[in-house]
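One-letter residues, chain by chain:
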Amino acid sequence: MQHPNKILKDFKRLHLLYKKGAVLTSFDTETSSLSPSKGRIIEIGAIKFNNKGIIQSYQHLFNPGLPISTEVENLTHISNQMLLKAPKIEEYLPEFIQMIKGSILIAHNAQFDLNFLNYECEKMNLRATKNPTIDTLQYSYFKLPKLEKHKLDYLADYFKINKGSSHRAFDDANTCMELFKILVNL
């Protein structure tokens, strides 16, 4: 499924949008697989903010209804035991969709997260998100074309951003927000 979100590529305009107080929501998902049709979202983390600061934050684990692989556990440090106690995404996805309403989304490799998010919406008969979106991966290529790598971890180290726990949704959303704020001011 191709997501209906418009990826903003007018990077020169982003600085102006941010300075004028646009509301943005940096978000990340952790998933049980690499394919939305074969997996589920197991965690969403998000931070809604503008140029004055953080407006709202969001973090939830979700029980995908199937065991996750050892590979996913090792990457995310989310265990099957943690997910057994977690609610189903159906309980909280409408709340998340309400939170992001009217904001510009920000994600690193945004297509991946948007595909999962909109696939979950489709399964619940919710409207797909259509928020304009900034992909910090593409943005970093634009702002730093000579940099050798553009992975979120690498960029966080490059800019000395505190990553918290990499591959945990809230910490990655925070890293992405901090990366965006640096890129928009370069």
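Please refer to the structure higher up on the page.
Everything numeric in this text was worked out from a predicted model, so none of it was measured. (Residues numbered from 1 in each chain as written. Predicted model: local features only at pLDDT ≥ 70, side-chain atom pairs only at ≥ 80, totals over all residues. Heavy atoms only, no water.)

A.B. asks: Can you walk me through the pattern of salt bridges in this structure?
C.D. replies: Once the charged atoms of two side chains with opposite charge are near each other, the side chains can pair. One pass over the structure, following the stated rule, counts five salt bridges. We note a salt bridge from Arg40 to Glu90, for which the minimum N-O separation is 3.0 Å. Taken together, the residues Arg40 in the loop between strand 1 (24–31) and strand 2 (41–50) and Glu90 in the loop between helix 3 (80–84) and helix 4 (93–100) connect sequence positions 50 residues apart. Residue Arg40 is classed as buried on the basis of its relative accessible area of 13%. When the shortest N-O distance is used, the salt bridge between Arg40 and Glu120 registers 2.8 Å. Of this pair, Arg40 sits in the loop between strand 1 and strand 2 while Glu120 sits in helix 5 (residues 110–123), and the two are 80 residues apart along the sequence. Both residues of the pair, Arg40 and Glu120, belong to the buried class. Put simply, Arg40, Glu90 and Glu120 are held in one network by salt bridges that share partners. (Salt bridge = Lys/Arg side-chain N within 4 Å of Asp/Glu carboxyl O. Helix = DSSP H or I, 4+ residues; strand = E, 2+ residues; numbered from the N terminus. Buried < 20%, exposed > 50% of the residue type's maximum accessible area, 1.4 Å probe, protein only.)

A.B. asks: Can you walk me through the sheet that holds strand 3 (residues 53–61) in this structure?
C.D. replies: Think of a sheet as strands paired side by side through backbone hydrogen bonds, with each pair either parallel or antiparallel. An order of 3-2-1-4-5 is seen for the five strands of this open sheet, with the pairing classed as mixed. In the strand order of this sheet, the two ends are held by strand 3 and strand 5 (133–135), each with one partner. On average, adjacent strands in this sheet sit at an angle of 20° to one another, irrespective of strand direction. When strand 1 meets strand 4 (residues 104–107), the two strands line up parallel, connected through three bridges. Within the sheet, the bridge partner assigned to Leu24 lies in strand 4 and is Ile104. Sitting on the sheet, helix 8 (residues 169–184) is in contact with strand 1, strand 2, strand 3, strand 4 and strand 5, with an inclination near 35° to strand 2. (Pairing = 2+ DSSP bridges. Axes fitted to C-alpha atoms, helices over the stretch in contact; angles between N-to-C directions. Contact = heavy atoms within 4.5 Å.)

A.B. asks: I tried to follow the side chain of Glu43 on my own but got confused; where do I start?
C.D. replies: Within the fold, Glu43 resides in strand 2. Among the residues examined, Glu43 registers a relative accessible area of 0% and is labelled buried. Here Gln59 takes part through its side chain, which lies 3.5 Å from a polar atom of the side chain of Glu43. Polar side-chain contacts of Glu43 include one of 3.0 Å to the backbone nitrogen of Ala169. (Polar contact = N/O pair within 3.5 Å; in protein donor to acceptor, adjacent residues only side chain to side chain.)

In short, geometric facts, not functional conclusions.
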